[in-house]
Each structure stands twice: as C-alpha cells, then as structure tokens.
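One-letter residues, chain by chain:
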Amino acid sequence: MTAPSPLRPRIELRFYAATVAVLSGLCGCGHPTEVKTTGHAPVTAAPLRAVVVPVEQQPWQTVIRSQGSLVADEASIVGAIVAGRVVSVAVDLGDFVHQGDVVAQLDDDELQLQVLQAEAQLAQACAAIGLTPADSLDTVDKENSPPVRQEHAVRQEARANLARLKRLQEQAAVTQADLEASAAAVAVAEARFSSAINGVEEKLALIKVRKAELALAKDSLKHAAIRAPFDGLVQQRQASPGAYLGVGHPVVMLVRTDPLRFRGSIPERHALRLQTGQEVRVKLEGVVEPLIARVSRISPALEELSRSLTFEADLPNPDGRLRTGLFAEADVVVDTRGEALSVPASAVTEFAGVEKVWLVADGEARETPVQTGRRERGQIEIMSGVKRGDRILKDASSGRNGPIETPETQHGG
C-alpha cells in the first residue's frame with residue numbers, strides 16, 4: 001500500500017480557496033450600485049446621463065369623446081299602394097336604384113278595366129246635359145242645356161197664354177176660370193224651369209264625381225308599378241313574383257347612403273357645450289385617417305335612461321365605401337383654443353396597467369405615476385401626477401432611480 005504524499009492536502013486547500021474567490025467575485029457582479037470587497041470601501045455606480053424635458057402647457061383643443069354608429073341618411077320600406085298579385089321584382093339585395101325606377105310590378109288587368117268603366121260612366125254623365133268629357137265645367141251655361149231650354153220654352157208659352165187671356169178679359173171674352181187656369185200653368189212652368197236648373201246642377205256635380213272616380217282608377221293603375229321614392233340601395237327584398245300583396249305590404253327596404261350620418265351621444269355634463277357646426281373627427285376600424293365632419297343635428301332632449309345627448313354629423317360617401325351600421329368613435333372639438341399639460345410620448349412608460357414618468361428633482365430621478373388623456377402628434381396629455389414646470393426624462397425606457405446627470409450639469413459644472 002502506497003503512503004499518501006505530504007503535498008496533497010496543501011494543494012487541495014489552495015484549490016478550494018481559489019474557487020471560493022472566483023465564486024465570490026461572480027456573485028458580486030449583480031450589484032450595480034456598489035461592490036463590497038473585504039478590506040475596501042463601497043464603490044457607488046456612475047450617475048445616469050439622460051435628456052430632461054419640462055412639463056409644459058401647450059395648445060390642446062378641447063374635445064368630447066363619443067361613440068356611435070353610421071346610419072343611413074334616409075331609410076324607407078317601399079310597399080304596395082294597391083292590392084294585387086306580383087308579376088315581377090326588378091331589384092335584389094345591394095342593387096342601386098334611381099328615384100322613379102320600377103322595383104316591382106303588380107298585375108294591372110283589373111285596374112285597366114276599372115279605368116275603362118270610370119271613363120264610360122263619365123261619358124254617360126256628360127251626355128245627359130249635352131257635354132263631352134273634354135269640356136270644361138267652368139264655362140257651362142246652365143240655361144243653355146237641353147232640359148233647361150225645354151222648360152224655358154214651356155214657361156214662355158204659359159206666360160204668353162196668360163198675357164193673351166188678360167187682354168181678352170178686358171173685352172169680357174174669357175171666363176175667370178180660364179184666366180186662373182192659365183196663371184196656374186205659368187206657376188207650374190216656373191217651377192219646372194227651376195227644377196230643370198237644379199237638375200243640371202246635379203248632373204254637373206255627378207260629372208265631377210265621375211271625373212274623380214276616373215282619376216282614382218288611373219292613379220291605382222299607375223301604382224301597380226311600384227317605384228323607388230329616392231336614389232338608394234336595396235337593403236332587403238321582401239316580396240317575390242306570384243305573391244299577393246295587400247295595401248301597405250312591404251316590397252323592398254331602400255336606404256340612401258350618400259351622405260351617411262354618424263349618430264353618437266355625449267354625457268349630460270357636456271350637453272351645453274355642444275353646438276351645430278363644431279368639427280367632428282370620426283374614427284373607423286380599418287381606416288387610418290379620421291373622417292372630418294360637422295355637427296349637423298342635435299336632439300332637443302336628453303335620453304332619460306342614459307342621461308346623454310344624441311347628435312348627428314353628415315359624412316360624404318359618394319363611392320359607397322362606407323356601410324350603415326359600422327361602429328365608430330368620434331372626437332367633437334368644442335374649443336379650438338384650449339390648452340393642456342403635455343409631454344412627449346416617449347416620456348411615459350406603462351407597466352401592469354400603470355403609466356409612469358421619471359420625475360427629476362434635486363439631482364435625483366424617481367418613478368412617478370401619472371394619469372394620461374389623449375394622444376396626438378407624438379404628445380400625451382397629462383391629467384394628473386405632475387404639474388407645469390416639473391422636469392422629467394425624455395426617454396422613459398432608460399430611466400432608473402438614483403442620481404442623474406443632464407447635459408446642463410455636465411457642461412455647467
């Protein structure tokens with residue numbers, strides 16, 4: 001058996017000491033602010049060198065945030081004015097129609113017969129007093145109509161007979177009874193003449209009734225062709241050929257999408273600041289730049305349940321790119337000369353939902369929570385957390401707690 005070497009314990013002891021020293025050095029690398037070494041004073045990390053910017057009051061338009069949707073400028077359910085069976089439907093979903101275009105056609109055979117019947121009844125009423133349907137009733141001379149002329153002749157004859165009998169009575173050539181009979185005949189003739197005048201007036205009134213009936217029949221025939229009331233797009237088709245439609249039954253749903261209306265609402269606390277003509281910046285999903293419009297209509301009353309005020313702004317849509325029903329957000333500019341505290345967007349950092357800035361004071365930087373508002377043109381509105389004149393790091397990503405050295409301090413000594 002070989003005896004152990006007297007140098008082996010000494011070598012192992014030196015190796016162990018070297019290992020411990022290396023590990024101690026490595027563990028000490030994790031402390032950036034100071035490093036502790038046996039027998040030496042702590043070493044402090046160098047100050048942070050960064051650019052500092054002041055929190056300033058800057059021009060910042062006062063806006064009210066709103067949410068809403070795009071709605072059609074006009075929407076109408078086009079229905080049947082007269083009852084009938086559908087012969088054809090000329091449009092379908094998404095079709096564009098012009099005002100006056102036929103969207104559906106009803107069977108009009110019965111309606112044409114009603115027109116012919118009304119024309120015949122009108123001609124009959126006109127013929128009773130010697131007129132034609134084309135003659136104007138305003139120029140009709142009632143006493144020149146055949147029935148009145150006949151009674152007028154009878155009345156003239158009765159009057160002449162009475163006058164002759166009166167002359168004969170002076171010669172005592174006629175009896176009193178004959179004279180009284182002739183006077184009665186004159187009274188009867190007068191009454192029949194007046195009755196003939198009344199009869200003509202009645203027939204003129206009947207002619208007016210027949211003309212109205214003819215106009216109604218023609219109007220019903222015209223409405224057998226269901227037409228678009230305005231330029232628009234077919235949103236829904238609700239009838240098919242062969243179906244029987246009653247009066248008012250829907251045929252198509254028609255909408256006008258140029259312009260579209262953004263319909264939104266604002267809280268009650270801002271209601272008195274909203275006015276027509278104010279600028280509205282409408283933001284849509286998938287559209288990079290906001291659409292600029294103006295407040296065109298404001299509701300006269302607030303919604304009782306939500307305590308909000310509804311308004312509308314018109315959006316031009318000549319190419320039909322925008323669709324009704326799209327959700328939209330909008331900023332209503334209520335004060336173009338407003339101001340707000342703002343900082344560069346790079347000065348704000350966010351972690352776990354908390355937004356912070358690095359506030360610089362007394363040569364030290366410390367993390368400070370803030371409440372932010374709108375973001376515009378690379379700036380962020382500061383609602384609370386810092387005040388005007390405070391100095392913060394321009395680049396929040398490089399900040400840390402501790403001493404700081406700015407370019408001014410570097411050159412100013």
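Numbers given for residues are sequential positions, taken from 1 along each chain in its written order. Only residues with pLDDT of at least 70 are given local features in this predicted model, and only at 80 or more are side-chain atom pairs given and counted; all residues enter the totals for whole chains, interfaces and linings. For side-chain calculations, the full set of non-hydrogen atoms in the structure is used, while hydrogens and water are omitted.

Bringing helix α4 (residues 176-222) into the picture now. The terminal C-alpha atoms of α4 lie 69 Å apart, and with 47 residues this matches the ideal 69 Å at 1.5 Å per residue to within 8%. Along α4, the positions that sit buried rather than exposed are Leu179, Ser182, Val186, Ala189, Phe193, Ala196, Ile197, Val200, Leu204, Ile207, Leu214 and Ala217. Residue contacts follow a heavy-atom distance rule, with two residues in contact if any of their heavy atoms lie within 4.5 Å. A run of H or I in DSSP counts as a helix once it spans at least four residues, and a run of E counts as a strand once it spans at least two, with each numbered from the N terminus. Buried residues along α4 sit against α2 (109-127) and α3 (146-170). Helix span is expected to be 1.5 Å times the residue number reduced by one. Summary of the burial criterion: residues with accessible area below 20% of their type's maximum are buried, those above 50% are exposed, and those between are partly exposed, where the area comes from a 1.4 Å probe applied to protein chains only.

Side-chain rings of Phe, Tyr and Trp (the six-membered ring for Trp) are treated as a pair once their centres are within 6.5 Å; stacked means planes under 30 degrees apart, edge-to-face means over 60, and tilted covers the remaining angles. A full pass over the atoms with the stated rule returns one aromatic pair. Seen from the ring of Phe193, Arg155 lies directly overhead, with NZ or CZ sitting 4.0 Å from the centre. Only when the NZ of Lys or the CZ of Arg is both within 6 Å of the ring centre and within 35 degrees of the ring normal is a charge said to sit over the ring. The ring of Phe230 carries the charged tip of Arg256 above its face, separated from the ring centre by 5.2 Å.

A few words now on the nonpolar core. For our purposes a nonpolar core is just a set of buried Ala, Val, Leu, Ile, Met, Phe, Trp, Tyr and Cys residues, chained together by side-chain atoms within 4.5 Å. Counting 22 residues, the largest nonpolar core has Phe262, Val280, Val282 and Phe311 as its most contacted members. Secondary-structure elements contributing two or more residues to this core are β4 (62-79), β11 (250-267), β12 (279-284), β13 (291-298), β14 (308-315) and β15 (327-335). Residue contacts for Val282: discarding those within four places in its chain leaves Phe262, Pro290, Leu291, Leu315, Ala328, Glu329 and Ala330. In terms of nonpolar packing, the next biggest core, distinct from the first, is built from 21 residues, Leu106, Leu111, Phe230 and Val252 among them.

It is worth spelling out the side chain of Glu312 at this point. Assignment of secondary structure puts Glu312 in strand β14. Its relative accessible area of 9% is what places Glu312 among the buried residues. At 2.9 Å, the side chain of Glu312 forms a polar contact with the side chain of Arg261. Contacts described as polar in this section are N or O atom pairs within 3.5 Å, which, within protein, must combine one atom able to donate a hydrogen with one able to accept it, while residues neighboring in sequence count only if both atoms come from side chains.

What follows deals with α3. Compared with an ideal rise of 1.5 Å per residue, which puts 25 residues at 36 Å, α3 spans 37 Å between its outermost C-alpha atoms and is within 8% of the ideal. Restricting attention to buried positions, one finds in α3 the residues Val148, Glu151, Arg155, Ala158, Leu162 and Leu165. At its buried positions, α3 is contacted by α4.

With that settled, consider the packing of α3 against α4. Helix axes are fitted only over the stretch in contact, all axes being lines through C-alpha atoms; the angle between N-to-C directions runs from 0 to 180 degrees. Contact geometry of α3 with α4 gives a least axis separation of 8 Å together with a crossing angle of 160°. As summarised for this structure, α3 and α4 are arranged roughly antiparallel, according to the angle between their axes. Two packed elements cross with a definite hand, and for α3 against α4 that hand is left-handed. By residue class, the composition of the contact of α3 with α4 is 15 nonpolar, five polar and seven charged. An angle below 35 degrees is read as roughly parallel, one above 145 as roughly antiparallel, one from 65 to 115 as roughly perpendicular, and any other as oblique. Helix crossings fall into two classes, left-handed where the near helix is turned counterclockwise from the far one by less than a right angle and right-handed where it is turned clockwise. All residues other than Ala, Val, Leu, Ile, Met, Phe, Trp, Tyr, Cys, Pro, Asp, Glu, Lys and Arg, Gly among them, are scored as polar; the first ten of these are nonpolar and the last four charged.

Further remarks concern the sheet that holds strand β8 (residues 225-227). Spatial ordering of the open sheet is given by β8-β7-β5-β10, a layout of four strands whose pairing is antiparallel. On the outer flanks of this sheet lie β8 and β10 (244-245), each paired with one strand and no other. Relative to β10, strand β5 (residues 84-89) is paired through two bridges, and the arrangement is antiparallel. In the strand pairing of β10, Arg85 is matched with Tyr244. Paired strands are those between which DSSP finds at least two bridges.

We now examine the sheet that holds strand β21 (residues 379-384). Read from one edge to the other, the open sheet built from four strands follows the order β3-β16-β21-β20, with strand pairing classed as antiparallel. Edge positions in the sheet fall to β3 (56-59) and β20 (371-376), since each of these pairs with one other strand and no more. The average angle at which neighbouring strand axes cross in this sheet is 50°, direction not considered. Across four bridges, the pairing between β3 and strand β16 (residues 339-344) is antiparallel. By the bridge assignment, Glu56 is partnered in β16 with Ser342.

Here we come to the pairing of strand β9 (residues 232-237). Examined bridge by bridge, strand β6 (residues 96-97) and β9 share two bridges and lie antiparallel to one another. Bridge pairing links Phe96 to Leu233 in β9. Two strands pair when backbone bridges link them, and β9 and β11 are joined in this way by four bridges, in the antiparallel orientation. Considered in β11, the bridge of Leu233 is made with Val255.

Turning to unusual backbone geometry, a few remarks are in order. For the peptide bond that leads from Asp258 to Pro259, omega is 5°, which places it in the cis range. Locating Pro259 in the fold gives a position in strand β11. Phi at Arg307 is positive, roughly 55°, even though this residue is not glycine. Looking at the element boundaries, Arg307 is found in the loop between β13 and β14. Taking relative accessible area as the criterion, Arg307 reaches 37% and is therefore assigned partly exposed. With a phi close to 55°, Ala352 is a non-glycine residue in the positive phi region.

By definition, a salt bridge exists where a carboxyl oxygen of Asp or Glu is found within 4 Å of a side-chain nitrogen of Lys or Arg. Here the structure, examined in full by the defined rule, presents 21 salt bridges. Residue Glu190 pairs with Arg159 through a salt bridge whose shortest N-O separation is 2.2 Å. Here the residue Glu190 occupies a position in helix α4, and Arg159 occupies one in helix α3, the gap between them amounting to 31 residues. You can call Arg159 partly exposed: its relative accessible area is 37%.

What follows is about the confidence of the model for the protein chain. Here the protein chain averages 83 in pLDDT, while 87% of its residues score no lower than 70. Values of pLDDT, ranging from 0 to 100, describe the predictor's confidence in every residue of the model. In the predicted structure, residues 1-39 sits below a pLDDT of 50 and forms ten contacts with residues beyond four places in sequence or in another chain. For the stretch residues 409-413, pLDDT sits under 50, and the model shows two contacts to residues farther than four places along the chain or on other chains.

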